[in-house]
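Summary of the model geometry
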Amino acid sequence: MISYTLRRFGGIFMVLLLLSMFTFILSRTVPGGPWMQGVEIPQSPEQIEAFKAKYGLDKPLWQQYLVWLRNALTLDFGIPFTAPELTVTQLIFKQLPYSALVGGLAATLAVLLGIALGMIAAAKQNTWIDNLITIYAVGISTIPSFVMAFVLVYFFAAKLRWFPAGGWSGANLKTLTLPVVAYALPSTGGVARWTRQCVVEAMSADYVRTAYAKGLRQAGVMSRHVLRNALIPMITNFLPMFPGMMTGSIFIERTFGIPGLGQYFVMSSTNRDYPLVLGITMFWAILIALTYFLTDILYGIIDPRVRLVEKAS
Amino acid sequence: MTSTTVAPAVAGAPAEVRYAGFWVGAWRRFRRNRLAMFGLVFVVFILFVAIFAPFLAPYPYDKIDPTHGLEGPSREHLMGTDQLGRDVLSRVIYASRPMLLVGILTQLAGLLIGVPLGIISGYAGGILDWFITRLIDLFSALPWYLLVLYLVMVLKPSLQNLILAMTITSWLGSCRLVRGLTFSVREQDYIEAARALGIPTWRLLTNHVLPQAAPLLLWGFAAGIPTAVFAEAGLSFLGMGVRPPQPSWGQMLGEAGMFWMYKPHMFIFPSLMITLSVLAFQGLADGLREATNVNVNV
C-alpha cells in the first residue's frame, strides 16, 4: 500500500511540474503582455523596460521559471499586476470561499438528486418511470449551465420576482438559490445515469438472486447487497465532482456576479495578469490532482484488486 | 448419384442467409434508435443551414437598424431583433457555422494527431510509450475548459485560436483508445503469424489494428463534438471565442446581457439551438455506440 501511494504521488508531482513548465513558458513566449494593455496611453520604451525590470521579466526564461517555481513550492505565486495590494495567494483565499460555498452546495444537491433519481430508475427498471428519468437525464445534461441560469432567472426573478434578478449582495438564501440550482441541475443527469448503471449492474449479480431466494425483502436486498457493491464505482466518480465544482464555475459566477475564483480567472485572463492566471491555474491543478490522488488511494483501500494489478504490471 | 442432387441445395443455401456485413447490421440497429435518428436528421438539417446560410438568412447578419432595436418576433423579423436592430433569425442561421467548424474541425484534428500517436505508443512501447502517456496525463490533469481558456487568452481570442486550443485537448481520447487497442492486438497470435510471413509493420497496423479501431473512433468522433459545441458556446459567451460582428449562439447570449430579461426572444432561440445541437450529436454518438456494439471502456 505504501509503495502504491508513493508511486501515485510521484506521478502526480511529475504531472504538476510539467504542467507548470508548459503554462509558464507559454505565457512568457507569446508576444504582448500586460504592458500592451493601455493602448490609449502610449508608453515609452523606457517605461516598458522599467515595468519588465520591476517584475523580473527582463531575465532569461529559465531563470524566471526557476524563481517562480521556488516561490510556488511555498505557495507564493507573486503579486498580481492589476491588484498589487494583495498577493496572489491572499487573493485566491479571499475569493475561494464564495466559489466553494456555491459549488459545494451545488455538488451536494446534484449528487443527492442524481442518486435518488438513478436509484428509482434502477429499482423500476424498464418501466415508464425508468424511461422518464432516462429522458430527463439525457435532456438536462445537454443544457449548458449559463442557459439554465437564464431560464431560471427569467421565470423566478423577472416574472415571479421570488429572487433578486442580478447583482450580488452577500451570501444568503435569496442570492444563493438560483446560482446553486442552475449549477446543480445539468450535473444531475450524469449522476443519475451513472447511478442507474452501477445499481443495475450490482442487481444482476448472482448473490442478489441468492438473497431473494433465501427470502429477503426487496428493501433488505437493496440496502445490504446491492447498494454496498454499487457504492464503489459511485464514490470514485462523484467524489471528484466536489473539488471540481467548488473551484467555481466561470459561467455561473459571471451570470450572477458572484465574486468567486472563476470570475477572477476570466478577469485576469483578459487583463493578461500572468502571476494571477498562473497562480489560479496551478492552484486548481493542485486541487484537482490531489482529489484524483485521494480517490486512487480510497479505491485502493476499498478494492484490493487495484493494488494487485498495479504490482503485476 | 446422391451427391449431385444435394449439391444445388448446398450451393443455394448461403445465398439466402448471406451475412450482410458489419456496417449494414450496424445501420439496421442504428435506425431503430429514435434519439439517434433525431440526431442524424438534425445534424443533416444544421449542415444544410450552415452551408446555405447566405440564401436562407433574410438579412445580412451584421445589418444594423437602430430604429428597430429590441423588437419581439414579427412578420419582418421572425425571431425579433437584438439591441442593435439586427435580425436574430439571420444571426441564429449564420451562427451554425462556427458551431460546426469548431465541433468538426477539432475532432478531425484530434483524430489526425491522436491515431498515429496512439499506434506508435501502443506498438513501439518503451520510452516513446512512456513519453506519450505522460503527455496524455499532463493534458488530462486540468479540466478542458481551463486549458482552453488559458490557451485562448495567451493566443488572443478568435475562432482559429479557439479551434487550435481545443485541438490540444481533443486528441487525448482517440490516442488513449488506439493505444489500448494496439497494445492488446499486438500480443495476438495472428499478428505474430502475420509478422512471421514477413508482412511489414505498417501493413500490420493499417490492415489489422485500424479496422478494429474504426467503430470506436467513429463513436469517439461523434461523442467529442458536444464538448466542443459546449466549449464554443461557453467561450463565446464570455467574449473569448468568435469575434463580433460574426455571430455565435453563445456570444449572442453573452451580448444580450442586460436586455434579455424582459426580451425573452433574445435568449430563447440561441439557447434552443445550443441545446438541440448538443442533444443531436449526443444522440448520434450514443446511437453509434449501441449500433456498432463497441465496448467503450477500452
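Keep in mind that this is a model prediction, so the values were computed, not measured.

Moving on: the environment of Val148 of chain B. Residue and element names in this part refer to chain B. The residue Val148 is located in helix H8 (residues 144-155) in this model. Residue classification places Val148 among the buried positions, given that 28 C-beta atoms sit within 10 Å. The spatial distance from the C-alpha of Val148 to the C-alpha of Trp219 is 23 Å, given a sequence separation of 71 residues. Apart from the residues lying within four places of it in its own chain, the contact partners of Val148 are Ala165, Met166, Thr169, Ala231 and Leu235.

All names here are of chain A. In the contact formed by helix H4 (residues 88-123) and helix H7 (residues 173-203), the axes pass within 5 Å of each other and the chain directions differ by 35°. Handedness of the crossing formed by H4 with H7: right-handed. The residue inventory of the contact of H4 with H7, partitioned by class, reads 23 nonpolar, five polar and two charged.

Before going further, it helps to examine the interface of chain A and chain B. In this assembly, 31 residues from chain A lie in contact with 28 residues from chain B. Contributions of two or more residues to the side of chain A that touches chain B are made by helix H1 (2-29), helix H6 (145-159), helix H11 (250-256), helix H12 (261-271) and helix H13 (274-302) of chain A. No other element matches the seven residues that H1 of chain A contributes to the side of chain A that touches chain B. Of the residues assigned to the side of chain A that touches chain B, the class counts are 23 nonpolar, seven polar and one charged.

Right, let's talk about helix H11 (residues 201-237) of chain B for a bit. All names here are of chain B. The end-to-end C-alpha distance of H11 is 48 Å, clearly below the 54 Å that 37 residues give at a rise of 1.5 Å each. The sharpest bend along H11 comes to roughly 45°, located at Leu210, with the proline Pro211 sitting one to four residues further on. At the C-terminal side of H11, Gly239 shows a positive phi close to 85°.

Core analysis: the largest hydrophobic core is formed by 146 residues, its most contacted members being Ala106 and Ile280 of chain A together with Val148, Val152, Val229 and Leu235 of chain B. Setting aside chain neighbours within four positions, we find Val152 of chain B in contact with Pro157, Asn161, Leu162, Ala165, Leu235 and Met240 of chain B.

This paragraph deals with the confidence of the model for chain B. Residues and elements named next belong to chain B. Considering every residue of chain B, the mean pLDDT works out to 81; 89% of them sit at 70 or more. When pLDDT is averaged over each helix and strand of chain B, the minimum, 45, is found for helix H1 (residues 2-16) and the maximum, 92, for helix H3 (residues 34-51). Across residues 1-15, confidence stays below pLDDT 50; counting only partners more than four residues off in sequence or on other chains, it has zero contacts. Here the prediction assigns the complex a pTM of 0.80, and the interface score ipTM is 0.77.

Before going further, it helps to spend a moment on the environment of Phe265 of chain A. All names here are of chain A. Looking at where Phe265 falls in the secondary structure, it is placed in helix H12. C-alpha separation for the pair Phe265 and Leu276, spaced eleven residues apart in sequence, amounts to 7.8 Å. Once you skip the residues sitting within four places of it in the chain, Phe265 turns out to touch Ile250 and Ile280.

Residues and elements named next belong to chain A. One can describe the packing of H7 onto helix H9 (residues 218-238) by two numbers: an axis separation of 8 Å at closest approach and a directional angle of 145°. For the pair H7 and H9, the crossing hand works out as right-handed. In contact with Val191, Trp194, Thr195, Cys198, Val199, Ala202 and Met203 of H7, H9 contributes Val226, Asn229, Ala230, Pro233, Met234, Asn237 and Phe238. Tallied by class, residues from the contact of H7 with H9 come to eleven nonpolar, three polar and no charged.

About the criteria used
- Residues numbered from 1 in each chain as written.
- Chains lettered and ligands numbered in written order.
- Predicted model: local features only at pLDDT ≥ 70, side-chain atom pairs only at ≥ 80, totals over all residues.
- Helix = DSSP H or I, 4+ residues; strand = E, 2+ residues; numbered from the N terminus.
- Buried ≥ 20, exposed ≤ 12 C-beta atoms within 10 Å, placed from the backbone.
- Contact = placed C-beta atoms within 7 Å.
- Axes fitted to C-alpha atoms, helices over the stretch in contact; angles between N-to-C directions.
- Left-handed = near helix turned anticlockwise from the far one by under 90°.
- Nonpolar A, V, L, I, M, F, W, Y, C, P; charged D, E, K, R; others polar.
- Expected span 1.5 Å × (residues − 1).
- Bend = angle between axes of the 7 residues up to and from the residue.
- Core = buried A, V, L, I, M, F, W, Y, C linked by C-beta atoms within 7 Å.
- pLDDT = per-residue confidence, 0-100.

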